[in-house]
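Structural description and commentary
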Amino acid sequence: MLTCIIQYQIDPTQRAAFAEYGARWGEAIPRCGADLVGYFAPHEGSSTLAYGIYHIESLAAYEAYRARLADDPLGRENYALAQSKKFILKEDRTWLKSVHR
């Protein structure tokens with residue numbers, strides 16, 4: 001099992017738009033095959049860092065999941081939302097593997 005942590009740098013004046021974006025992924029991501037931990041928007045401290053975290057079986061499963069997400073109507077709508085409102089300034093993915101048993 002792999003964990004993907006997406007770190008976003010967002011426009012601090014558009015936190016509500018990012019919250020909408022994250023809430024939509026709450027429906028689309030599990031439907032397309034990943035185990036969503038959650039989307040996290042700034043609350044205190046940094047006003048620009050946000051995160052999306054999910055688990056997936058393997059990198060091969062990730063590729064199939066990404067294809068399903070790109071074909072999903074809500075997934076496409078969410079990508080379009082982010083592009084039109086431009087609230088995501090930067091996005092980085094980190095892949096982690098649990099070392100505890």
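Our subject is the structure that appears above.
Below you will find a few notes about this structure. Residue indices follow the written sequence of each chain, beginning from 1 at its first position. Side-chain atom pairs in this predicted model are given and counted only at pLDDT of 80 or more, local residue features only at pLDDT of at least 70, and totals for whole chains, interfaces and linings cover all residues. Calculated side-chain values reflect all of the structure's heavy atoms, with hydrogen atoms and water omitted.

**A closer look at the pattern of salt bridges**
- Salt-bridge detection follows one rule: a side-chain nitrogen of Lys or Arg within 4 Å of a carboxyl oxygen of Asp or Glu. Within the structure shown, the criterion is met by six salt bridges.
- The partner of Glu20 in a salt bridge is Arg24, with the nearest N and O atoms 2.8 Å apart. Of this pair, Glu20 and Arg24 are both found in helix H1 (residues 15-32), four residues apart, which corresponds to roughly one turn of the helix.
- Under the scheme applied here, a residue whose accessible area is under 20% of the maximum for its type counts as buried, over 50% as exposed, and between as partly exposed, the area being computed with a 1.4 Å probe on protein chains only. For Glu20, a relative accessible area of 33% puts it in the partly exposed group.
- Between Glu27 and Arg31 there is a salt bridge whose closest N-O contact spans 3.0 Å. Of this pair, Glu27 and Arg31 both sit in helix H1, four residues apart, roughly one helical turn.
- Bridged by salt links that share partners, the residues Glu20, Arg24 and Glu77 form one connected network. Helix numbers and strand numbers start at the N terminus; a helix is a DSSP run of H or I with at least 4 residues, a strand a run of E with at least 2.

**Quick look at the pairing of strand S3 (residues 49-56)**
- By the bridge criterion, eight bridges tie strand S1 (residues 2-10) to S3 in an arrangement that is antiparallel. By the bridge assignment, Ile6 is partnered in S3 with Gly52.
- When DSSP finds two or more bridges between two strands, those strands count as paired. Relative to S3, strand S2 (residues 35-40) runs antiparallel, the two being bridged by five bridges. Along S3, the bridge assignment pairs Phe40 with Tyr51.

Purely spatial values, then, with no claim about function.
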